[in-house]
Amino acid sequence: MGKKILVIHGPNLNMLGKREPEIYGSTTLFELNKEIVQKGKKSGLIVETFQSNHEGVIVEKIQEAFGEISALIINPAAFTHTSIAIRDAILILDIPVIEVHLSNIYKREPFRHKSMISDIATGQIAGLGIDGYFFALDAILKIIS
Ligand code: DQA
């Protein structure tokens with residue numbers, strides 16, 4: 001059976017396609033998730049995607065994934081910069097974790113330069129748009145194979 005990968009999208013990413021398209025692009029979350037799942041499938045991975053606007057719901061999703069998944073791809077969106085709770089939940093997992101941002105957070109407002117998870121993630125991809133998720137999948141494949 002294929003290994004399971006979880007992809008978590010944080011707040012406002014349900015509005016992809018409509019939300020500041022000059023920064024985040026015109027692809028919708030539905031389209032993005034479909035592509036991620038398809039790419040994973042081609043590589044023998046079972047990919048689940050999940051989005052929430054609520055910090056505690058994301059924490060619970062990470063907790064539920066404990067022992068169930070081989071890697072996590074997460075774009076915590078605005079919670080990247082604030083959430084000790086999501087950081088602590090990720091620390092429970094002993095698997096590769098790739099942090100993805102559509103935009104280059106280091107080129108933007110100073111409050112976006114700090115990530116609460118970059119120092120505990122296996123790696124971070126920022127500024128490459130939706131391709132960042134596909135590169136994250138490639139990285140995971142290399143790491144877990
Ligand atoms: C984001 C960057 C965050 O600063 C922002 O709050 C987001 C999206 C990105 O993907 O570029 O919602 O994580």
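Refer to the structure printed above.
Residues numbered from 1 in each chain as written. Predicted model: local features only at pLDDT ≥ 70, side-chain atom pairs only at ≥ 80, totals over all residues. Heavy atoms only, no water.

Engineer: Could you clarify how one ought to interpret the overall build of the protein in this entry?
Structural biologist: Counting its secondary structure elements, the protein contains 5 helices and 5 strands. Listing the helices and strands of the protein from first to last along the sequence gives β-α-α-β-α-β-α-β-β-α. Relative to a compact globule of 145 residues, whose C-alpha radius of gyration would be 15 Å, the protein shows 14 Å and is just as compact. Taken along the three principal axes of its C-alpha coordinates, the protein extends 40 × 30 × 25 Å. Across the protein, the fraction of contacts at a sequence separation of at least 24, relative to all contacts at a separation of at least 6, is 76%. In the structure as shown, the protein presents an accessible area of about 7400 Å², 54% of it carried by carbon and sulfur atoms. Charged side chains of the protein number 15 positive and 16 negative; the gap between the two group centres comes to 6 Å. (Helix = DSSP H or I, 4+ residues; strand = E, 2+ residues; numbered from the N terminus. Rg over C-alpha atoms; globule rule 2.2 N^0.38 Å. Contact = heavy atoms within 4.5 Å. Areas by Shrake-Rupley, 256 points an atom, 1.4 Å probe, with all protein chains shown as cover. Lys, Arg positive; Asp, Glu negative; His and termini not counted. Charge placed at Lys NZ, Arg CZ, Asp CG, Glu CD.)

Engineer: Hey, could you run me through the nonpolar core in this one?
Structural biologist: When a protein is soluble and globular, its nonpolar side chains tend to lie buried together. In terms of nonpolar packing, the biggest core is built from 24 residues, with Ile5, Leu32, Ile36, Ile73 and Tyr133 touching the most fellow members. Elements represented by at least two residues in this core include exactly β1 (3–9), α2 (29–42), β2 (45–51), β3 (71–75), β4 (97–101) and α5 (131–144). Per-element tally for this core: the top contributor is α5, with 6 residues. Sequence-distant contacts of Tyr133, that is, excluding residues within four places in its chain, are made with Val7, His9, Leu13, Leu32, Ile36, Ile73, Asn75, Val100 and Leu102. Counting 17 residues, the second largest nonpolar core, distinct from the first, contains Ile58, Val59, Ala65 and Ile86. (Core = buried A, V, L, I, M, F, W, Y, C linked by side-chain atoms within 4.5 Å. Buried < 20%, exposed > 50% of the residue type's maximum accessible area, 1.4 Å probe, protein only.)

Engineer: Explanation requested: the pairing of β3 in the structure shown.
Structural biologist: Counting buried residues in β3 gives 5 out of 5 residues, a clear majority hidden from the surface. Strand direction decides the pairing type here: β3 and β4, joined by 3 bridges, are parallel. Note that in β4 the partner of Ile73 across the bridge is Ile98. (Pairing = 2+ DSSP bridges.)

Engineer: Help me understand the side chain of Arg108, please; the structure alone is not making it clear to me.
Structural biologist: Structurally, Arg108 can be placed in the loop between β4 and β5 (123–126). Given the relative accessible area of 17%, Arg108 is considered buried. Within polar-contact distance, the side chain of Arg108 engages the side chain of Ser103 at 2.9 Å. When neighbours within four sequence positions are excluded, Arg108 is seen to be in contact with Ile23, Tyr24, Ser103 and His113. (Polar contact = N/O pair within 3.5 Å; in protein donor to acceptor, adjacent residues only side chain to side chain.)

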